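# What the coordinates show
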Amino acid sequence: MVLEQQRPNWHEYFLLMAKLAATRSTCLAFPVGAVIVKDRQVLATGYNGSPSGSAHCTTQGYCYDGVNNCAESKLPSRAVHAEANAIAQAARHGIATDGATIYVTLEPCLSCLKLIISAGIREVFYETIFNSGEKAQVRDFFIKEGLVTLQQIHLSPHIAQKSADFLSQPISKNDDRNSRSIATP
């Protein structure tokens, strides 16, 4: 295999970051991660979970008293969605998102899609489909108006396996050919 083909392409690279952000999710129903990017630079990341200062569902072991996860209930989710958290993170730090791209592990819900559009983010790349039926019709209306583009993407099996291998063991090996001297305090 050509060495360049062993590297993730830019879409895979940023999707991997979104998937890594999703590991921080405190939502019991749908762990989701998001990464906002502009000019191939990460501006902000987000994951879904309870609002700042509120008890995490993963800490409590439930979403609401008597409800193990919001997907099993008619109650609305307690989670702030990953996209909203990424946009809020950028705003808190004075980072403009106009003209940016967002990578998410789950297609944005309509509320998040409207927020994405309002934040000036024009491209959405997602891994898993979420919207269907009437929600997909509304999504498609925004696309038809030219407000945003959405594209489903996936990791290649090779990159997924390579990433899993990298995450499961140290990347740098300490051997005679590749050792460095590190000063200790």
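Heads up: these notes are all about the structure in this document. Keep in mind the model is a prediction, meaning the values are calculated, not measured.

The rules behind these values
- Residues numbered from 1 in each chain as written.
- Predicted model: local features only at pLDDT ≥ 70, side-chain atom pairs only at ≥ 80, totals over all residues.
- Heavy atoms only, no water.
- Helix = DSSP H or I, 4+ residues; strand = E, 2+ residues; numbered from the N terminus.
- Buried < 20%, exposed > 50% of the residue type's maximum accessible area, 1.4 Å probe, protein only.
- Contact = heavy atoms within 4.5 Å.
- Areas by Shrake-Rupley, 256 points an atom, 1.4 Å probe, with all protein chains shown as cover.
- Phe/Tyr/Trp six-rings, centres within 6.5 Å; stacked < 30°, edge-to-face > 60°.
- Pairing = 2+ DSSP bridges.
- Axes fitted to C-alpha atoms, helices over the stretch in contact; angles between N-to-C directions.

### Section: the overall build of the protein chain
- What the protein chain contains, in helices and strands, is 6 helices and 5 strands.
- What you see in the protein chain, going N to C, is helices and strands ordered as α-β-β-α-α-β-α-β-α-β-α.
- Residue burial in the protein chain is summarised as follows: out of 185 residues, 36% are buried.
- Restricting the contact set of the protein chain to residue pairs at least 6 apart, pairs at least 24 apart contribute 62%.
- On the protein chain, roughly 11,700 Å² of surface is accessible, and the fraction owed to carbon and sulfur atoms is 53%.

### Structural notes on the packing of aromatic side chains
- Under the counting rule described, the total for this entry stands at 6 aromatic pairs.
- Look at Trp-10 and Tyr-13: their rings are 5.6 Å apart centre to centre, the planes differ by 85 degrees, and that puts the pair in the edge-to-face class. Placement of both Trp-10 and Tyr-13 in helix H1 (residues 10-22) is noted, with a separation of 3 residues, approximately one turn of the helix.
- The exposure class of Trp-10 is partly exposed, given its relative accessible area of 39%.
- For Tyr-13, a relative accessible area of 34% puts it in the partly exposed group.

### Focus on unusual backbone geometry
- Here Asp-39, not a glycine, exhibits a phi torsion of approximately 55 degrees, which is positive.
- The residue Asp-39 is located in the loop between strand S1 (33-38) and strand S2 (41-47) in this model.
- One non-glycine residue, Arg-40, lies in the positive phi region at around 60 degrees.
- Position of Arg-40 relative to the elements: it lies in the loop between S1 and S2.

### A word on helix H3 (residues 82-92)
- Three or more residues of H3 are buried, namely Ala-82, Glu-83, Ala-84, Ala-86, Ile-87 and Ala-90.
- Turning to H3, the residues buried within the fold contact S1, S2, strand S3 (101-106) and helix H4 (110-118).
- Gly-94 lies just past H3 and shows a positive phi near 70 degrees.

### Regarding the sheet that holds S2
- Pairing within the open sheet is mixed, and its 5 strands lie in the order S2-S1-S3-S4-S5. Both edges of this open sheet fall to S2 and strand S5 (149-152), since each of them pairs with a single strand only. Between one strand axis and the next, the sheet turns through 20 degrees on average, direction left out of account.
- Inspection of the sheet shows S1 paired to S2 by 6 bridges, in the antiparallel sense. Bridge assignment links Lys-38 to a residue of S2, and that residue is Gln-41.
- H1 contacts S1, S2, S3 and strand S4 (123-128) of the sheet and is inclined by roughly 55 degrees relative to S3.

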